[in-house]
Amino acid sequence: MSDYKMIAQLILDSNNIVFFGGAGVSTASNIPDFRSADGLYNDKANINYSPEQILSHSFFIRHTDDFYKFYKDKMIYQDALPNYAHLFLTKLENMNKLKAVITQNIDNLHQLAKTKNVIELHGSIYRNYCMKCHKFYDLDKIVNSNGIPLCECGGIIKPDVVLYEEGLNNDDIEYAIKLIKEADILIIGGTSLSVYPAASFIDFYRGNKMLLINKEKTPLDNKANYVFNEAIDVFFKNVNDEMEMLIK
Ligand code: CNA
């Protein structure tokens, strides 16, 4: 039996699958990740500060103007569309197999692909709020502001994105851990598993069907029951082909 067929069978036999993913899920939608060779962290254009520094809370407070220059240039991809990986997860949700997508992504592509239960551990570029009066603003406000986006009240608008040095939302943490604890199959994909605390959540999985699909090796490969070092969109296409053959 091929690996894809074996995974297809596991999926067909389960109704409690949880997906945990990251930036690699969206590279096929032309959004660069952080840590691939052609990712943002290897972009030689960032000379003065590293992306980790720029995307930190203290940098946002001290150098808001420079933060926004980088953020608007490198983090916003309004025209990006979901790729096969997003669509396959929606299909599994519609088949009542997938319980939730837990993502570190901030690009809204799972929602655009119509997955309903999405936990955005690191927030979303589409939500923004005034740091003074908490008024909500959409992405257009950020994109259409020259320099630092300001609220009507004069306050600075901040993206609802979890920056380095900032904590995750407690309800999201609890819900994500509960889903992972109770999952039959945990599919992890497109993440270097190097950003904490998010990466630590996979430790709560108790089953023996942890799949890890990532182009490059990760520090946590040894925790997975099945590791596939390949593109996740292609992997899901192959699994889907096998699923359709098995259903026939
Ligand atoms: P990362 O650290 O950049 O790792 C991405 C991983 O995905 C790498 O190990 C790649 O090898 C792998 N990869 C790339 N393309 C594919 C593919 N097609 N199939 C399978 N694997 C692939 O990103 P993480 O998500 O692990 O790190 C967490 C950060 C990245 C979060 O805080 C995000 O907010 C942040 N981020 C998000 C986006 C987005 O929303 N699309 C883009 C860039 C960074």
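Below, the structure is looked at part by part. Model, not experiment: these values are computed from the prediction.

It is worth spelling out the sheet that holds strand β7 (residues 185-189) at this point. Ordered in space as β3-β2-β1-β7-β8-β9, the six strands form an open sheet in which the pairing is parallel. What marks the edges here is a single partner per strand, and that holds for β3 (118-120) and β9 (226-228). Taking the axes of each pair of neighbouring strands and ignoring which way they run, one obtains an average angle of 15° across the sheet. Bridge analysis of strand β1 (residues 17-21) against β7 gives five bridges, and the strand direction is parallel. Across the sheet, the residue bridging to Phe 20 is Ile 188, located in β7. Each of β1, β7, β8 (210-213) and β9 is contacted by helix α1 (residues 3-12), which is oriented at about 125° to β9, the strand it contacts most. Across the sheet, helix α8 (residues 170-182) lies against β1, β2 (98-103), β3 and β7, angled at about 135° from β2, the strand it touches most.

Moving on to helix α5 (residues 84-94). Within α5 the residues assigned to the buried category are Ala 85, His 86, Phe 88, Leu 89, Thr 90, Leu 92 and Glu 93. Looking at the packing, one finds that the buried side of α5 touches α1, β1, β2, α6 (109-112) and α9 (232-247). Near the N-terminus of α5, the side chain that reaches the backbone nitrogen of Ala 85, with its oxygen 2.8 Å away, is that of Asn 83. Looking one or two residues past α5, Asn 96 carries a phi angle of roughly 60°, positive in sign.

On to the environment of Asn 208, then. Inspection of the secondary structure puts Asn 208 in the loop between β7 and β8. In contact with Asn 208, other than residues within four places in its own chain, are Asn 225 and Tyr 226.

Here the focus is the site of the ligand. Taken together, 28 residues surround the ligand, and among them Phe 34, Arg 35, His 122, Thr 191 and Ser 192 come closest. At 2.7 Å, a side-chain N or O of Thr 191 approaches an oxygen atom of the ligand. Calculation on the ligand without its partners gives an accessible area of 870 Å², and the protein chains cover 96% of this total.

Conventions used here
- Residues numbered from 1 in each chain as written.
- Predicted model: local features only at pLDDT ≥ 70, side-chain atom pairs only at ≥ 80, totals over all residues.
- Heavy atoms only, no water.
- Pairing = 2+ DSSP bridges.
- Helix = DSSP H or I, 4+ residues; strand = E, 2+ residues; numbered from the N terminus.
- Axes fitted to C-alpha atoms, helices over the stretch in contact; angles between N-to-C directions.
- Contact = heavy atoms within 4.5 Å.
- Buried < 20%, exposed > 50% of the residue type's maximum accessible area, 1.4 Å probe, protein only.
- Polar contact = N/O pair within 3.5 Å; in protein donor to acceptor, adjacent residues only side chain to side chain.
- Near = heavy atom within 4 Å.
- Areas by Shrake-Rupley, 256 points an atom, 1.4 Å probe, with all protein chains shown as cover.

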